[in-house]
Amino acid sequence: MKTLSLLLIAVFSMLSVESQAQTTKGTVQGTVIDGSTKIIESATITLLRTKDSTVFKMGVADKMGKFSFESIPDGRYLVAISAVGHQKGYSESFEISSSNSSINLKTIELVQLEKSLSAVTIVAKKPLVEQKIDRTIVNVEAAVTNVGNSALEVLEKSPGVSVDKDGNISLKGKSGVQVYIDGRPAYLSGADLANMLRSMSASQLEQIEIMTNPPAKYDAAGNSGVINIKTKKNKQFGYNGSLTTGYTQAIYARFNEGLNFNYRNNKVNLFSNLSYNHNDRKQILYVDRNFRDVNTKNILSEFDQESVMKNSSDYYSAKIGLDYFASKKTTFGIVFNGYTNPGLWRSNTNTLIYDPNGNLVNQTKAYSENDQKWKNLSANLNFRTLLDSSGREISGDFDYIQYRSTAFQPLISWYYDNNHNLLKTPDTLMGRLPQDITIYSGKVDYTHPLKKGAKLEAGIKSSYVKTDNNAIYDSIQNGQVVHDFNRSNHFIYEENINAAYVNYTQPLGKKWTGQFGLRFENTNAKGNQLTTNQKFTRNFSQLFPTVYLQYAANEKNQFVINYGRRINRPDYEDLNPFIHFLDRYTFEQGNPDLVPQFSHNIELTHTYNGFLSTTLNFSTTKNIIQQVFEQNENTNETFIRKANIASMDQFGISVSAHNQITKWWSSNIYVNAYNNRFKGIVNNDYISIGVTGMLTQIQQQFKWGKGWGAELSGFYRSKGLEGVIYVNDFTQINAGFSKQVLKNKGTVRLSVNDIFKSMNVSGYSKYSDVDIKFRNIQDAQSVSLSFTWRFNKGKLKANAGRREGSASDEKNRVKGSGN
């Protein structure tokens, strides 16, 4: 309640600042053009008080370069205008009064930037959060506390995003998020996607785009939406770049280095990135399990398990790309990406087994490790050409992506009685798990502007994925290595998805705008477990409509309602029926009977004065894919697997407020309250469980003179429900400082994360004969120091559009490096 009270006070304080401007009705309007009298669309317009240059209001120029402000109280003002590739422009000072309440400014002309940058460094301060009609944008470098963080930790701070104990990402309380990297799917999922994002440094990231209901142009995959992580890329004329180094001290030391370099002349744009990240993280997991009689539900035995784990990894990545401007209308590009991620995960587990009366029966100790190496190589060919002066455009992307991994997993178990006497010879299980993933993808998009502001978009896409998983297990018996035929298996999965979409945007009057889309996807898949000769085939086609309606009631109030149908396909490895051993009593097993889950999502958003957005949402999901537990009370074994367990309904409301409270203080607050309800059959028992949860995220940023800045941020997540697992509440508080140095060419940042060491996750699952509690202590508290040096020489031009690839859903469904 204390957190909620502080939140409400902050929101009402921000509202009171806005309400001060509503006593009179002065208006200001004008037009902005560039030096060639060309209209500048989407320029940022800022209304300043003349006496102290504080920001009174902000806005954006429309497609005709026009802008206006209403309800302005008496006083003296001026307008500042900024746009990419142009020098900042200002209007003349003017006064609003009862006798002069309507101001028509002279057309403001911005001058293109052509000056040499060899002696000048331009540091643009972007807002932390930007709200667009169909997405929320997070500018990563705008948050000081992102220093030293991984990409996963940056995601966890983003509006509406939460990450569970295993690294699974959810959005607004719903799982099934599709993660893209530079417009291309990550092709990884679950703990493996999380491990890759942990290996990526925040210094590599530029923006994070969050789309809860993406338009038809995007793949239909993703029950709760799409998160697109954009890495750094610059297109200034001449050369420019940055060098970053960082050190983080938690329980163990972590460090990262990165280099961005870009060069452009009239015909060629070359961009590149090199990075290295070293991670050592400790984790302690406590699990208590009660094994109950299936019929009477009486306790048969109790397990107390403690696992102390350390995960060490090195992440080396490289990207190089080239854009060739064949003409003013046509651009060709090629991008190569690659990384290698060797890592060693080690675990020491102690399991105490009690009878129903609490008497110790025996004890098992286990040592396990995963010595794993992932390698990735991807290539993208792309083109973009303008067909005529009206803006008709055709573009294409063609991708090849390859993942290769090797893993060696020994598991050694010792068995003792209640007096710690060895009961039998320790057993050893050794696993070798090579995995190959190959992906081909291509798409072509067409855009056709029509009369009266309408626009038609259409496109096609096709992808092919092949995964080859070979699990080879051996055991040691009497000192001899013996192949384990019962545990070994070889699984091959192939999938082809063909898609086409059409999207139409049309103004429906002065205040209404509509966007209507339809996507068709045809899926053809087959799985083959070579060891047991088990096979399955899936063939189906589906339609995925999307609808957006925007109503601009007046300058201060806008409404958007949108609807979309989504699909979430099973991860490739989750379809593999082989058993993966976590310890002597705990196993993970794939499920070849998994089918896709489908959801219907609808949202209604109201935006007030550009700073306060309120969204109501409802979604219903059928055949939801979730992790479930199955127990064998006779052998004290627990199986963990994915299943289509139930249907889920969610109702939610979110409030997002972004405001410049004073000249030196900006605030971002996000609150999401939701109710999740699951109904269905799990382990042959009917369940109906639900919970009302809340996620609160607050970021306060401060900017003083002489290049000083600071940030205080944090989040609170109340008790929630992830499938059949209840997760208790937890929180995190962070703080950081920054200082511009070396004539603004350098930035020093210091941050402290998880100040109160509160980022520990606990929960439970209790249904049918399952009764499990867990507590996960993470290595989250840390202090980070980083330095970034920026260099450049050349001329600044407007940035060209970022090239995004054709691969979308496929990357997210690969389980890559991780444990």
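Residues numbered from 1 in each chain as written. Predicted model: local features only at pLDDT ≥ 70, side-chain atom pairs only at ≥ 80, totals over all residues. Heavy atoms only, no water.

Some thoughts on the overall build of the protein chain
Item 1. Scanning the protein chain for helices and strands turns up three helices and 47 strands.
Item 2. Across the 819 residues of the protein chain, 53% fall into the buried class.
Item 3. Here the contacts in the protein chain between residues at least 6 apart in sequence split such that 68% fall between residues at least 24 apart.
Item 4. About 35500 Å² of surface is accessible on the protein chain, with carbon and sulfur atoms providing 56% of the total. (Helix = DSSP H or I, 4+ residues; strand = E, 2+ residues; numbered from the N terminus. Buried < 20%, exposed > 50% of the residue type's maximum accessible area, 1.4 Å probe, protein only. Contact = heavy atoms within 4.5 Å. Areas by Shrake-Rupley, 256 points an atom, 1.4 Å probe, with all protein chains shown as cover.)

A word on the pattern of salt bridges
Item 1. Here the structure, examined in full by the defined rule, presents 20 salt bridges.
Item 2. Of the charged contacts, one joins Asp-474 and Arg-432 as a salt bridge, the two residues approaching to 3.3 Å between their closest N and O atoms. Residue Asp-474 is located in strand β27 (residues 455–477), and its partner Arg-432 is located in strand β25 (residues 427–432); the two are separated by 42 residues in the primary sequence.
Item 3. On the accessibility criterion, Arg-432 (40% relative accessible area) is partly exposed. (Salt bridge = Lys/Arg side-chain N within 4 Å of Asp/Glu carboxyl O.)

Quick look at the nonpolar core
Item 1. Core analysis: the largest hydrophobic core is formed by 45 residues, its most contacted members being Leu-155, Ile-169, Met-196, Leu-197, Ile-208, Ile-227 and Ile-229.
Item 2. Formed by 29 residues, the second largest nonpolar core is a distinct cluster that contains Ala-643, Phe-678, Leu-695 and Ile-725. (Core = buried A, V, L, I, M, F, W, Y, C linked by side-chain atoms within 4.5 Å.)

Topic: the packing of aromatic side chains
Item 1. Taken as a whole and judged by the stated rule, the model has 29 aromatic pairs.
Item 2. Ring geometry for Phe-67 against Phe-69: centres 6.5 Å apart, planes inclined by 55°, an arrangement best described as tilted.
Item 3. Judged by its relative accessible area of 6%, Phe-67 falls in the buried class.
Item 4. By relative accessible area, Phe-69 is classed as buried at 3%.
Item 5. Between the aromatic rings of Phe-544 and Phe-598, the centroid separation amounts to 6.4 Å while the plane-to-plane angle is 15°, which identifies the pairing as stacked. Taken together, the residues Phe-544 in strand β31 (residues 534–552) and Phe-598 in strand β35 (residues 597–608) connect sequence positions 54 residues apart. Comparing Phe-544 with Phe-598 shows no difference in burial state: the two are buried.
Item 6. Ring-pair connections join several aromatic residues into one group, and the members of that group are Tyr-239, Phe-261, Trp-789 and Phe-791.
Item 7. Just above the ring of Tyr-415 sits the side chain of Lys-424; from NZ or CZ to the centre is 4.4 Å.
Item 8. Note that Arg-584 overlies the ring of Tyr-585, its terminal NZ or CZ placed 5.4 Å from the centroid. (Phe/Tyr/Trp six-rings, centres within 6.5 Å; stacked < 30°, edge-to-face > 60°. Lys NZ or Arg CZ within 6 Å of the ring centre and 35° of its normal.)

Quick notes on the environment of Gln-740
Item 1. As for its placement among the helices and strands, Gln-740 is situated in strand β43 (residues 730–741).
Item 2. For the pair Gln-740 and Gly-709, spaced 31 residues apart in sequence, the C-alpha separation works out to 8.7 Å.
Item 3. Engagement of the side chain of Gln-740 in a polar contact is seen with the side chain of Thr-747, the distance being 3.1 Å. (Polar contact = N/O pair within 3.5 Å; in protein donor to acceptor, adjacent residues only side chain to side chain.)

Side note on the pairing of strand β46 (residues 770–778)
Item 1. Looking at chain direction, strand β20 (residues 268–292) and β46 are connected through seven bridges and run antiparallel. Within β46, the position partnered with Asp-288 by the bridge is Lys-773.
Item 2. Where strand β45 (residues 761–767) and β46 come together, seven bridges link them in antiparallel fashion. Looking across to β46, one finds that Gly-763 is bridged to Phe-774.
Item 3. Hairpin connection, β45 to β46: the antiparallel pair is bridged by two residues, and Ser-768 has positive phi, about 50°. (Pairing = 2+ DSSP bridges.)

Remarks on the side chain of Gln-597
Item 1. Structurally, Gln-597 can be placed in strand β35.
Item 2. Here Gln-597 falls in the buried class, since its relative accessible area comes to 2%.
Item 3. Within the local environment of Gln-597, its side chain forms a polar contact with the backbone nitrogen of Ile-625, the two atoms lying 2.5 Å apart.
Item 4. For Gln-597, the residues in contact, after removing those within four places along its chain, are Asn-223, Arg-566, Ile-567, Asn-568, Thr-621, Lys-622, Asn-623, Ile-624 and Ile-625.

Considerations on the confidence of the model for the protein chain
Item 1. Summing up the model confidence of the protein chain, the mean pLDDT is 84 and the portion of residues at 70 or higher is 88%.
Item 2. For residues 1–24, every residue scores under 50 in pLDDT, and the model assigns this stretch 31 contacts once sequence neighbours within four places are set aside.
Item 3. The low-confidence segment residues 796–804 (pLDDT under 50) makes 40 contacts with residues lying over four places distant or belonging to another chain. (pLDDT = per-residue confidence, 0-100.)

Considering the environment of Val-752
Item 1. Among the structural elements, Val-752 can be located in strand β44 (residues 746–753).
Item 2. Judged by its relative accessible area of 29%, Val-752 is partly exposed.
Item 3. C-alpha of Val-752 to C-alpha of Asn-734: the two residues are 18 residues apart in sequence and 5.7 Å apart in space.
Item 4. If near-sequence neighbours (up to four positions away) are discounted, Val-752 is found in contact with Ile-733, Asn-734, Ala-735, Ser-782 and Val-783.

Observations regarding unusual backbone geometry
Item 1. Phi at His-420 takes a positive value of approximately 65°, unusual for a residue other than glycine.
Item 2. Position of His-420 relative to the elements: it lies in the loop between β24 (393–417) and β25.
Item 3. Relative accessible area serves as the criterion here: at 40%, His-420 is assigned to the partly exposed category.
Item 4. If you check the backbone angles, Leu-742 has positive phi at about 55° while not being a glycine.

Considering the side chain of Gln-178
Item 1. Tracing the backbone through its elements, the reader meets Gln-178 in strand β14 (residues 177–181).
Item 2. Residue Gln-178 is classed as buried on the basis of its relative accessible area of 4%.
Item 3. Side chain to side chain, Gln-178 and Asn-568 meet in a polar contact 3.3 Å long.

What to know about the environment of Thr-331
Item 1. Within the fold, Thr-331 resides in strand β22 (residues 330–354).
Item 2. Residue classification places Thr-331 among the buried positions, given a relative accessible area of 16%.
Item 3. Residues Thr-331 and Lys-267, spaced 64 residues apart in sequence, show a C-alpha to C-alpha distance of 9.3 Å.
Item 4. Residues within four places of Thr-331 in sequence aside, it is in contact with Asp-323, Tyr-324, Phe-325, Asn-382, Phe-383 and Arg-384.

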